[in-house]
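Breakdown of the fold
One-letter residues, chain by chain:
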Amino acid sequence: MPAISQTAGTAIGLALGILSAIALTVWGVYEWRRKGRCQLLILVAGSALGFLTSPGLDLVANTKLPPPVAISPNVYRLFELDEPLWVFPTYPLFLALPAYLTFVALDEQWPRRKLWMSIAPIIASNFIGEVFLTRVAGLYWYAGQQPFLVLGASPMWEVVYVTASMLMGALLHFLGRRLRGAAWLLTLPVIGSGFMGFMVVAGWPGMVAVHGEVSQPMVPVLGLASLACCAAILYMISLHLRGPDPLRAPTATAHTAEPG
């Protein structure tokens, strides 16, 4: 049983989602006005389109949602799954933030360590948030043979979600090399649908565990295989970043004998 009522949990989820969406939008306007980068605003707008594929994410990860409460009615149905209103404002933080950090890292050629130090807290905070949403608020839960559930949350799917978002950021970087101005709007359909596709790319072994008829000992093995897929993807992204600066070998001072 959830620790608080579903209505209270939904209100908290809505409030946090709206505040994070506003913060990312303000940051996006700052990036656009001061640095000439519109990509964060594009990602925030693409997240709104991505919400339309959210039932697909529920299908892939086999998450279940309770009947909606009055403050968050169902607003969309896909794959015979309903999506409530509270999910909508969470998408910019969920999809856009890791994607934008990856885009900036590739664009500015960050050291690899800087990107990982930015992404690791996002994975950790997403996991803590999911513990609240599943265990405390009871807004959804994982069904099927899920690998590595901890307090109702899934570390495996959290890594998959962030990896899929980072793939979106990398795609935005490479597709956008020749885009200027309003031409960036061409990426909106890709962002809107791409997250669900990249989630399958990064997490397909976990899908086999959750939806397939596999023996119980194989479930954690498939979970580890999903994490290995994510590690391979993140390694490939890191190859396009700047590695650690090599240590400079000390140069010997040349001494020349003075005549006489």
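**Regarding the overall build of the protein**
Regarding its fold elements, the protein presents eight helices and four strands. Reading the secondary structure of the protein in the N-to-C direction produces α-α-α-β-β-β-α-α-β-α-α-α. Its C-alpha atoms give the protein principal-axis dimensions of roughly 95 × 50 × 30 Å. Buried positions account for 45% of the 260 residues belonging to the protein. With the model as given, the accessible surface of the protein reaches about 13,600 Å², and the carbon-plus-sulfur share is 68%. Charge-centre separation for the protein: the mean point of 15 positive side chains lies 10 Å from the mean point of 12 negative side chains.

**Structural notes on the pattern of salt bridges**
The final tally for this structure, using the stated rule, is five salt bridges. Linking glutamate 31 and lysine 35 is a salt bridge whose minimum nitrogen-to-oxygen distance equals 3.4 Å. A residue pair is termed a helical-turn pair when its members lie 3 or 4 positions apart in one helix, as glutamate 31 and lysine 35 do in helix α1 (residues 6-35) at four residues.

**Digging into the nonpolar core**
In this structure, Leu43, Trp157 and Met199 are the most contacted members of the largest nonpolar core, which totals 59 residues. Those elements giving two or more residues to this core turn out to be α1, α2 (39-50), α3 (54-61), α4 (91-108), α5 (112-136), α6 (155-175), α7 (188-211) and α8 (218-238). Here the element with the most residues in this core is α6; it accounts for 12 residues.

**What about the side chain of glutamate 158?**
With respect to the helices and strands, the residue glutamate 158 is situated in helix α6. Salt bridges are absent for the buried glutamate 158, whose nearest opposite-charge side chain, arginine 135, sits at 14 Å. In this structure glutamate 158 touches Asn126, Phe127 and Glu130, once residues within four positions along its chain are discounted.

**Section: the packing of aromatic side chains**
Taken as a whole, this structure holds five aromatic pairs when the rule is applied. Between the aromatic rings of tryptophan 86 and tyrosine 140, the centroid separation amounts to 6.4 Å while the plane-to-plane angle is 10°, which identifies the pairing as stacked. Of the two residues, tryptophan 86 is situated in the loop between β3 (81-84) and α4 and tyrosine 140 in the loop between α5 and β4 (141-142); the sequence distance between them amounts to 54 residues. Residue class for tryptophan 86 comes out buried when judged on its relative accessible area of 8%.

**A short note on the pairing of strand β2 (residues 74-78)**
Two strands pair when backbone bridges link them, and β2 and β3 are joined in this way by four bridges, in the antiparallel orientation. Residue tyrosine 76 lies in a different strand from β3, and its bridge partner there is glutamate 83. In sequence, β2 turns back onto β3 through a hairpin of two residues, with phenylalanine 79 there showing a positive phi of about 55°.

**So, α4**
Compared with the 26 Å implied by 1.5 Å per residue over 18 residues, the 25 Å span of α4 between its first and last C-alpha is a close match. Along α4, the largest kink reaches about 25° and is centred on leucine 97; proline proline 98 follows within four residues of it. Where burial is concerned, most of α4 is hidden: 14 out of the 18 residues are buried. Phi for glutamine 109, located one or two positions after α4, is positive at around 55°.

What counts as what
Residues numbered from 1 in each chain as written. Predicted model: local features only at pLDDT ≥ 70, side-chain atom pairs only at ≥ 80, totals over all residues. Heavy atoms only, no water. Helix = DSSP H or I, 4+ residues; strand = E, 2+ residues; numbered from the N terminus. Buried < 20%, exposed > 50% of the residue type's maximum accessible area, 1.4 Å probe, protein only. Areas by Shrake-Rupley, 256 points an atom, 1.4 Å probe, with all protein chains shown as cover. Lys, Arg positive; Asp, Glu negative; His and termini not counted. Charge placed at Lys NZ, Arg CZ, Asp CG, Glu CD. Salt bridge = Lys/Arg side-chain N within 4 Å of Asp/Glu carboxyl O. Core = buried A, V, L, I, M, F, W, Y, C linked by side-chain atoms within 4.5 Å. Contact = heavy atoms within 4.5 Å. Phe/Tyr/Trp six-rings, centres within 6.5 Å; stacked < 30°, edge-to-face > 60°. Pairing = 2+ DSSP bridges. Expected span 1.5 Å × (residues − 1). Bend = angle between axes of the 7 residues up to and from the residue.

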